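So you can see what is in the structure, the chains are spelled out below.
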Amino acid sequence: MSAAELLGHCLERNLTFAAYRSPGQASTVLIQRDPETSEHRGGSGKAFVVSPFDRSKGPVIAIRPDLVWKEDGIDRFDPLALALFTGNAPVETDDVDHEWDRPGFAYAVERAKEAFTKGTLEKVVLSRKVLRALGSGAIPALFKSATEAFPKAMVALVNCPLYGCWIGASPEGMLSSNNGVVRIDSLAGTQPSDDAQENLSDWGEKEREEQAIVTRSILRSLERPDVRNVRSEEPEV
């Protein structure tokens, strides 16, 4: 069974699962028997943690697998076991379009500029949705194409009753730990790879400040008594 076939089956039955591919590793799919997820409170065992950007919108949850599939050439997976798994009802959404129109977006820009003047904002990213209709089987194919297009990125596809279906890819390593040493990537000042300057001395002021804002935020979050020997390094291209 290929990753696309398995993901198509999970989505068709609306199972709770997380599929991911870390850089240089095989794709992994974690499938949970019970569709309902619980709030993540730490603990041992394999889990895929999902957090809303705005914590006031919902809890941090953990998808804890009852079946694990890995695309490494060794199929330890029994597809018949999926018959015992329970799917969940589709996430209900309202019919209201929350997308900004052009005047609404311009209004948000003006409010952001006022916040900059007052000093209450240092950086803001305003975005608008791009809507595309997806045909049958498009999501598994999208996951596969993302793993091929972004070999150095973490690619993830998550489906759960609380937050619905999400897919994304990021080259940013949020946190890694080795022998008691923790590394956090501060990723900002991004540019198209064809335009990126390899020498830091050639960076523009905008890219330098965007990088510095994120780095300062991370360093502030590490100002706590149980964190020692914090060191910040120069950006890498």
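Just so you know, these numbers come straight off a predicted model, no measurement behind them.

Caption draft 1: Quick look at the overall build of the protein. Across its full length, the protein holds 4 helices and 10 strands. Its helices and strands in sequence order give the protein the pattern α-β-β-β-β-β-β-α-α-β-β-β-β-α, from N to C terminus. Looking at the protein residue by residue over its 237 residues, the buried ones come to 26%. Entry remark: accessible area of the protein is about 16,800 Å², with carbon and sulfur atoms responsible for 52%.

Caption draft 2: Expanded view of the pattern of salt bridges. Under the criterion given, the structure shown has 8 salt bridges. Close ionic contact of Arg231 with Glu233 constitutes a salt bridge, the shortest N to O distance being 3.0 Å. We classify Arg231 as exposed; its relative accessible area is 67%. When its relative accessible area of 47% is taken as the criterion, Glu233 is described as partly exposed. When salt bridges with common partners are traced through the structure, they connect Glu122, Glu209 and Arg216 into a single cluster.

Caption draft 3: How the structure looks around the confidence of the model for the protein. For the protein, mean pLDDT is 82; residues scoring 70 or higher make up 88% of the total. Taken element by element, the predicted model of the protein shows its lowest mean pLDDT in strand β9 (residues 176-178) (82) and its highest in strand β1 (residues 16-21) (95).

Caption draft 4: Local environment of the packing of helix α1 (residues 3-12) against helix α3 (residues 138-149). Across the interface, α1 lies against α3 with an axial gap of 8 Å and an inter-helix angle of 140°. It follows that α1 is oblique to α3 by the angle criterion. Relative to α3, the crossing made by α1 is right-handed. In contact with Ala4, Leu7, Gly8 and Leu11 of α1, α3 contributes Ile139, Pro140 and Phe143. The residue inventory of the contact of α1 with α3, partitioned by class, reads 6 nonpolar, 1 polar and no charged.

Caption draft 5: Looking closely at the pairing of β1. Along β1, 6 of the 6 residues are buried, which leaves the element largely enclosed by surrounding structure. Alternating positions in β1 separate into two faces, Thr16, Ala18 and Tyr20 on one and Phe17, Ala19 and Arg21 on the other, with burial throughout. With 5 bridges connecting them, β1 and strand β2 (residues 28-32) associate as antiparallel partners. Bridge pairing in β2 links Phe17 to Ile31. Hairpin connection between β1 and β2: a loop of 6 residues separates the two successive antiparallel strands, and Gly24 in this loop has a positive phi of roughly 75°. Bridge count for β1 against strand β7 (residues 154-160) is 5 bridges, and the pairing is antiparallel. In the strand pairing of β7, Ala19 is matched with Leu157.

Caption draft 6: Structural detail: the sheet that holds β1. With respect to topology, 5 strands assemble into an open sheet ordered β6-β2-β1-β7-β8, the strand pairing being antiparallel. Strands at the two margins of the open sheet, each flanked by one partner only, are β6 (67-70) and β8 (164-170). The mean angle between the axes of side-by-side strands here comes to 10°, regardless of whether they run parallel or antiparallel. By the bridge criterion, 7 bridges tie β7 to β8 in an arrangement that is antiparallel. Bridging across to β8, Ala156 finds its partner in Gly168. Strands in contact with α3 are β1, β7 and β8; relative to β7, the strand with the most contacts, it is inclined by about 160°.

Caption draft 7: Inspection of the sheet that holds strand β3 (residues 38-39) at higher detail. Pairing is antiparallel across the open sheet formed by 3 strands, whose spatial order is β3-β5-β4. Strands with a single pairing partner mark the edges of an open sheet, and in this sheet they are β3 and β4 (48-50). One ladder, built from 2 bridges, connects β3 with strand β5 (residues 61-63); its direction is antiparallel. Within β5, the position partnered with Ser38 by the bridge is Ala62.

Reading guide: rules and limits
Residues numbered from 1 in each chain as written. Predicted model: local features only at pLDDT ≥ 70, side-chain atom pairs only at ≥ 80, totals over all residues. Heavy atoms only, no water. Helix = DSSP H or I, 4+ residues; strand = E, 2+ residues; numbered from the N terminus. Buried < 20%, exposed > 50% of the residue type's maximum accessible area, 1.4 Å probe, protein only. Areas by Shrake-Rupley, 256 points an atom, 1.4 Å probe, with all protein chains shown as cover. Salt bridge = Lys/Arg side-chain N within 4 Å of Asp/Glu carboxyl O. pLDDT = per-residue confidence, 0-100. Axes fitted to C-alpha atoms, helices over the stretch in contact; angles between N-to-C directions. Parallel < 35°, antiparallel > 145°, perpendicular 65-115°, else oblique. Left-handed = near helix turned anticlockwise from the far one by under 90°. Contact = heavy atoms within 4.5 Å. Nonpolar A, V, L, I, M, F, W, Y, C, P; charged D, E, K, R; others polar. Pairing = 2+ DSSP bridges.

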